[in-house]
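Results of the structural survey
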Amino acid sequence: MAPTAPAARPANPRFSSGPCTKIPGFTLDMLSDAPLGRSHRATVGKAKLKEAIDLTREILGVPADYRIGIVPASDTGAVEMAMWSLLGARGVEMLAWESFGEGWVTDVVKQLKLDATVRKAPYGQIVDMAAVDYDKDVVFTWNGTTSGVRVPNGDAIPATRAGLTICDATSAAFAMDLPWDKLDVVTFSWQKVLGGEGAHGMLVLSPRAVERLETYTPAWPLPKIFRLTSKGKVSEGIFAGETINTPSMLANEDYLVALKWAKAIGGLPALIARAEANAKTVWEFCASRDWIANLAEDPATASTTSVCLKFTDPRIADGAAFAKAVAKRLEKEGVALDVGAYRDAPPGLRIWCGSTVEQADVAALMPWIEWAYRVEIAALAQAA
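Model, not experiment: these values are computed from the prediction. (Residues numbered from 1 in each chain as written. Predicted model: local features only at pLDDT ≥ 70, side-chain atom pairs only at ≥ 80, totals over all residues. Heavy atoms only, no water.)

What follows is about the sheet that holds strand β3 (residues 117-120). Spatially, the seven strands line up as an open sheet ordered β1-β7-β6-β5-β4-β2-β3, and their pairing is mixed. Every interior strand has two partners, whereas the edge strands, β1 (67-72) and β3, have only one. Between one strand axis and the next, the sheet turns through 15° on average, direction left out of account. Across five bridges, strand β6 (residues 185-189) lies against strand β7 (residues 200-205) in antiparallel orientation. (Pairing = 2+ DSSP bridges. Helix = DSSP H or I, 4+ residues; strand = E, 2+ residues; numbered from the N terminus. Axes fitted to C-alpha atoms, helices over the stretch in contact; angles between N-to-C directions.)

The structure is reproduced here in structure tokens:
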């Protein structure tokens, strides 16, 4: 007999890992205060952009002497801007445990042509953070969006380091507690944990990073959208809402709406708690079943936002085909959209559990995953 489909359904089937689901109760009417058709350099435009920066600082607890800027090209643009502007002054260590970290390695080694030490870990693991030489500049992702693993804390990063730590935190910011004193550059995008729109990145710089900008000139030319200094001094306007290029005031308004929602529900502690509750729901589901498991091998490094799963049933000969069939079946039923593993990652599912996701929706999804698995296993048996 065919497995019986669950009765309950997620109210919101959007579990994409980016762009991620909007805040609960979102409607387009919430964006009515956006200054559309106005210059971003007008008083109202600059005020809106500055408000986004100020609320970001307040909710994330960014130190007062760290600078926060809105930059082009989402998190990718922010990371590239940091690497091209800051690297080359001293040795570099590149840490990678998923596809985006691999991309930063490619940029540094093949594009900037720096003689970097590269430390890699397979999907489901992270590198030994204690073995890293922090007297060099270190580039790493805090949370592997495509691998479902994260740095558990900043304990391995010394306060007395000579190098800069450059951290891609795009799927960690607002859902994890980032140790600002251990991080010199932090980047993220609006489209992840707060469910904002794409195309805009955030760049956070420590005083040590600013000092590097003002005392070091890279050997390579910098495109206009990467330039953070003018006449040897940091361009302060960038960190007060005077963006390098034209931002979307509609997207900025959307980010403001999400920031205000985050503040209203209790700020960063509430955001972290929501993500952790969502992830725990998935972890407990996997722990009680022998055919599915978290891709993260060590629970201490398991992501609470991009939870990556693998099917472990030995009857599954073609893991990629099976996982795609399950994801397709879930989408066809309208209970889970965009939950297939990232194209470069091991076959499986990826369930976004970030702070805008409701725990009740995650709980409602779990029986549907089991149903889809059993339907596909039955199909394999029938085909055999």
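Let's shift gears to unusual backbone geometry. Cis rather than trans, the peptide bond between Gly18 and Pro19 has omega equal to -5°. Considering the arrangement of structural elements, one finds Pro19 in the segment before α1 (43-60). Although it is not a glycine, Ala73 sits at a positive phi angle of roughly 70°. The phi angle at Asp338 is positive, at roughly 65°, despite the residue not being glycine.

Looking now at the pairing of β1. Among the six residues in β1, five count as buried, and that is most of the element. As defined by bridge partners, β1 adjoins β7 across six bridges and the pair is classed as antiparallel. Bridge pairing links Pro72 to His200 in β7. (Buried < 20%, exposed > 50% of the residue type's maximum accessible area, 1.4 Å probe, protein only.)

Glancing now at the pairing of β3. Pairing between strand β2 (residues 92-96) and β3: four bridges, direction parallel. Its bridge partner being in β3, Glu93 is matched across the sheet by Thr117. Regarding the hand of the β-α-β motif, the stretch spanning β2, helix α3 (residues 99-111) and β3 is right-handed. (Right-handed = clockwise from strand over helix to strand, strands pointing away.)

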